[in-house]
Amino acid sequence: MRTRANREWISYLLVTAGTFFMAAGINIIYEPLSMVTGGFSGIGIIIKKMTDGAGFTVPIGLTNMLLNVPLFIIALRLKGGRFIKKTLYAAVCFSVALLIIPSYKITNVDYLMAAVLGGTLNGVGIGIVFSQNASTGGSDLLGTLLNRWFPGFSISELLIFIDGLIVLVGMGVFGMQTGLYSVVAVFITGKVSDALLDGLKFAKMAYIISDSPLDISRGIMERLDRGVTGLNGEGMYSGADKNVLMCVVSKKEVVKLIQIVKTIDEAAFVIVSDVKEVLGEGFIAGDNSY
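If you're wondering where the values come from, they're calculated on a predicted model, not measured in any experiment.

K.L.:
So, the overall build of the chain: which residues are in play, and what are the values?
P.N.:
A tally of helices and strands in the chain yields 10 helices and four strands. The helix and strand sequence of the chain, counted from the amino end, reads α-α-α-α-α-α-α-α-β-α-β-β-α-β. Within the chain, buried positions represent 40% of all 290 residues. For the chain, restricting intrachain contacts to residue pairs at least 6 apart in sequence, the fraction spanning at least 24 positions comes to 75%.

K.L.:
Run through the nonpolar core, naming residues and quoting values.
P.N.:
Ranked by size, the top nonpolar core spans 15 residues in total, and within it M22, A23, I126 and F130 carry the most contacts. Among residues more than four places away in sequence, those in contact with M22 are F94, L121, N122, G125, I126, V129, T136 and D140. Core analysis: the second largest hydrophobic core is formed by 13 residues, A206, L224, L245 and I260 among them.

K.L.:
Report on helix 10 (residues 254-264), specifying residues and quantitative values.
P.N.:
When helix 10 is considered as a whole, its buried residues turn out to be V254, L257, I260 and V261. When helix 10 is viewed along its axis, its buried side chains cluster within an angular range of 125 degrees and face the same direction. Helix 10 presents V255 and T263 as exposed residues on the side facing more than 90 degrees away from its buried surface.

K.L.:
Quick rundown of the packing of helix 6 (residues 138-149) against helix 7 (residues 155-174)? Include the residues and the values.
P.N.:
The geometry of helix 6 relative to helix 7 is characterised by a closest axis approach of 8 Å and an angle of 125 degrees between their N-to-C directions. In this view, helix 6 runs oblique relative to helix 7, as classed from their interaxial angle. Relative to helix 7, the crossing made by helix 6 is right-handed. Of helix 7, the residues touching helix 6 (which contributes S139, D140, L142, G143, T144, L146 and N147) are I155, L158, L159, I162 and D163.

K.L.:
I'd like to hear about the side chain of S193, residue by residue, with values.
P.N.:
As for its placement among the helices and strands, S193 is situated in helix 8 (residues 176-201). Since its relative accessible area comes to 1%, S193 is described here as buried. Looking at S193, its side chain comes within polar contact range of the main-chain oxygen of G190, at 3.0 Å. Beyond its immediate stretch of four places on either side in the chain, S193 contacts G123, I126, G127 and S156.

K.L.:
I'd love a proper account of the confidence of the model for the chain, names of residues and values included.
P.N.:
The share of residues in the chain with pLDDT of 70 or more is 88%, and the mean pLDDT across the chain is 80. Confidence drops under a pLDDT of 50 for residues 284-290, and excluding neighbours within four residues, the segment shows 11 contacts in the predicted structure.

K.L.:
Describe in detail the sheet that holds strand 3 (residues 241-249), supporting the description with residues and values.
P.N.:
Strand pairing in a sheet relies on backbone hydrogen bonds, with the paired strands running either antiparallel or parallel. Here we have four strands laid out as an open sheet, ordered 2-3-1-4, and antiparallel in their pairing. Each edge of the open sheet carries a strand with a single partner, namely strand 2 (229-234) and strand 4 (269-275). Strand-to-strand twist of the sheet, defined as the mean angle between neighbouring strand axes without regard to direction, takes the value 25 degrees. Of the strand pairs in this sheet, strand 1 (residues 203-209) and strand 4 are connected by seven bridges, and their pairing is antiparallel. The partner of I209 across the bridge, within strand 4, is F269. Contacts between helix 10 and the sheet are confined to strand 1, strand 3 and strand 4, with strand 1 contributing the most and set at about 10 degrees to the helix.

K.L.:
Describe the pattern of salt bridges, naming the residues involved and giving the relevant values.
P.N.:
Scanning the model with the defined rule gives three salt bridges in all. When the shortest N-O distance is used, the salt bridge between K242 and D211 registers 3.3 Å. Here K242, found in strand 3, pairs with D211, found in the loop between strand 1 and helix 9 (213-223); they are 31 residues apart in sequence, far enough to count as distant. Since its relative accessible area comes to 28%, K242 is described here as partly exposed. Among the residues examined, D211 registers a relative accessible area of 65% and is labelled exposed. E253 is the partner of R226 in a salt bridge, and the nearest nitrogen-oxygen pair spans 3.0 Å. On the criterion of sequence distance, the pair formed by R226 in the loop between helix 9 and strand 2 and E253 in the loop between strand 3 and helix 10 is long-range, its members being 27 residues apart. There is no split in this pair, since R226 and E253 are both buried.

Basis of the calculations
Residues numbered from 1 in each chain as written. Predicted model: local features only at pLDDT ≥ 70, side-chain atom pairs only at ≥ 80, totals over all residues. Heavy atoms only, no water. Helix = DSSP H or I, 4+ residues; strand = E, 2+ residues; numbered from the N terminus. Buried < 20%, exposed > 50% of the residue type's maximum accessible area, 1.4 Å probe, protein only. Contact = heavy atoms within 4.5 Å. Core = buried A, V, L, I, M, F, W, Y, C linked by side-chain atoms within 4.5 Å. Arc of directions from axis to C-beta. Axes fitted to C-alpha atoms, helices over the stretch in contact; angles between N-to-C directions. Parallel < 35°, antiparallel > 145°, perpendicular 65-115°, else oblique. Left-handed = near helix turned anticlockwise from the far one by under 90°. Polar contact = N/O pair within 3.5 Å; in protein donor to acceptor, adjacent residues only side chain to side chain. pLDDT = per-residue confidence, 0-100. Pairing = 2+ DSSP bridges. Salt bridge = Lys/Arg side-chain N within 4 Å of Asp/Glu carboxyl O.

Set out below in structure tokens:
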């Protein structure tokens with residue numbers, strides 16, 4: 001129970017850190033440069049700008065709240081109370097971070113570098129929050145929900161699409177130049193968050209072709225405590241039967257695996273490749289040791 005409680009505390013700390021990264025990107029980069037990079041806050045900025053000329057103003061916070069309410073109701077039904085609980089916490093932390101982190105007036109800035117920095121900060125923040133099965137609401141939550149019906153697209157890819165539409169509208173309101181740099185920022189945000197999420201799930205798969213398969217498999221199982229699967233193969237040049245060993249290890253264990261193989265058979269042929277979403281003993285959900 002204590003271990004589970006500690007993991008929960010660490011998860012909430014990571015969510016908090018992620019929201020502060022996101023808020024830093026908005027307050028330090030996007031807001032001073034009027035860059036609409038998507039999200040419900042971006043929609044709020046656009047609506048506020050459009051209603052200013054109509055004699056009344058719709059606050060950004062009101063727009064954000066009205067758009068989030070139906071999403072939270074849907075998320076409660078589809079994702080359950082635990083997801084909503086953490087997402088509500090993330091949304092509150094995000095709002096607090098936006099209030100705490102100061103906004104600076106930027107002059108003579110390189111818009112491209114600003115888009116890169118802002119996109120990186122936002123991408124890191126979103127990636128951390130998503131890795132803890134949470135969302136800050138807004139388009140983040142919408143992307144998470146849409147992933148249920150469009151599993152062929154990652155959450156970050158859906159987020160790029162949603163925020164891209166918002167950026168296009170913002171481009172028409174605030175101008176082409178700022179809008180184009182906003183597109184760059186949105187793209188970088190998606191790629192950085194994807195890289196962060198994938199980085200937590202990457203493992204390595206090795207195929208080993210050797211004349212000493214039993215000794216090598218025994219060495220891997222004893223020294224790395226990893227399972228090994230033997231596959232039947234045939235050398236197409238020699239026509240001889242071959243035993244091909246397949247083993248999945250963590251990124252940190254690749255060097256040791258190669259050392260084990262080469263110690264037993266220097267002539268062994270080894271192929272190492274990246275794999276994702278490894279489930280099973282030693283690679284269980286929530287185990288980020290690899």
